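# Close look at the chain arrangement
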Amino acid sequence: MKIKKLKINYLEELSGVLEDNDLEKKDICIVGSAVMALHNLRDNDDIDIVVKKTIRNERFPPGATKLSQNIELVAANWVFYDENITDDNIIDNEQHHTTYDGYKFVNLSLLEVRKKSANKQKDLKDTLIIEAYNAG
């Protein structure tokens, strides 16, 4: 069995965006398709991030904000279906993320529920891939 080398697109671009916006890795968490790339489930088309509430309130609007060609700050309250899981909880609570190369990535299980809750056609395929991965 050939093991696929881990490849997450746009991490270098994200590093530059963090530097340009005076953000630190500890204050963000990667969400979206890059999480699937972390698990070798599919390539990511971009990188979506959440940031700490204090930083968002000081520097960014509550809605989605494109930070570069392939990096987007998603709208506040990424886990819109559960008010107990705030963006800060995702960033600060290790139960909600894993760390790779110094970056925090939201847990795959939380991504799956988020994609199901969004109920968008584009997320259906991703949820089926995640379910198959979880089934072993």
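Below, the structure is looked at part by part. Everything numeric here is computed off the predicted structure, so don't read it as measured data. (Residues numbered from 1 in each chain as written. Predicted model: local features only at pLDDT ≥ 70, side-chain atom pairs only at ≥ 80, totals over all residues. Heavy atoms only, no water.)

### Some details on the overall build of the chain
In terms of regular secondary structure, the chain is built from 6 helices and 6 strands. For the chain, the N- to C-terminal ordering of α and β elements is α-β-α-β-α-β-β-α-β-β-α-α. In terms of overall dimensions, the chain is globule-like: its C-alpha atoms have a radius of gyration of 14 Å, near the 14 Å expected for 136 residues. When its C-alpha atoms are laid out on the principal axes, the chain stretches across 45 × 30 × 25 Å. A buried classification covers 45% of the 136 residues belonging to the chain. Of the roughly 7,900 Å² of accessible surface on the chain, a fraction of 46% belongs to carbon and sulfur atoms. (Helix = DSSP H or I, 4+ residues; strand = E, 2+ residues; numbered from the N terminus. Rg over C-alpha atoms; globule rule 2.2 N^0.38 Å. Buried < 20%, exposed > 50% of the residue type's maximum accessible area, 1.4 Å probe, protein only. Areas by Shrake-Rupley, 256 points an atom, 1.4 Å probe, with all protein chains shown as cover.)

### Focus: the pattern of salt bridges
Under the counting rule described, the total for this entry stands at 8 salt bridges. Arg42 is the partner of Asp126 in a salt bridge, and the nearest nitrogen-oxygen pair spans 2.7 Å. Taken as a pair, Asp126 in helix α6 (residues 121–135) and Arg42 in the loop between α2 (33–38) and β2 (47–51) lie far apart in primary sequence, 84 residues in all. Among the ionic pairs, Lys115 bridges to Asp126, the shortest N-O distance being 2.9 Å. Note that Lys115 is positioned in helix α5 (residues 108–118) and Asp126 in helix α6, a separation of 11 residues in sequence. (Salt bridge = Lys/Arg side-chain N within 4 Å of Asp/Glu carboxyl O.)

### Thoughts on the pairing of strand β6 (residues 103–106)
Here β6 shows two buried faces, one formed by Tyr103 and Phe105 and the other by Lys104 and Val106. Looking at chain direction, strand β5 (residues 97–100) and β6 are connected through 4 bridges and run antiparallel. Along β6, the bridge assignment pairs His97 with Val106. In this antiparallel pair of consecutive strands, β5 and β6, the connection spans 2 residues, and Asp101 shows a positive phi of 55 degrees. (Pairing = 2+ DSSP bridges.)

### What to know about the environment of Lys52
Tracing the backbone through its elements, the reader meets Lys52 in the loop between β2 and α3 (53–59). In the structure, Lys52 is positioned 24 residues away from Ile28 in sequence and 6.5 Å away in space, judged by C-alpha atoms. The contact partners of Lys52, leaving out residues within four places of it in the chain, are Lys26, Asp27, Asp88, Ile91 and Asp92. (Contact = heavy atoms within 4.5 Å.)

### Points about helix α1 (residues 11–20)
Because each turn of an α-helix spans 3.6 residues, side chains separated by three or four positions in sequence point in the same direction. All buried positions along α1 are accounted for by Leu11, Leu14, Val17 and Leu18. The arc that holds every buried residue of α1, seen down its axis, measures 110 degrees, which confines them to one face. Turned more than 90 degrees off the buried face of α1, the exposed positions are Glu12, Glu19 and Asp20. Those residues of α1 hidden inside the fold are in contact with β1 (28–31), β2, β4 (71–73) and β6. (Arc of directions from axis to C-beta.)

### Focus on unusual backbone geometry
Positive phi is not limited to glycine here, since Tyr10 has a value of about 75 degrees. With respect to the helices and strands, the residue Tyr10 is situated in the segment before α1. On the basis of relative accessibility, which here comes to 30%, the residue Tyr10 falls in the partly exposed class. In the Ramachandran plot, Asn77 falls in the positive-phi region, its phi being about 60 degrees despite a non-glycine side chain. Its place among the elements puts Asn77 in the loop between β4 and α4 (87–92).

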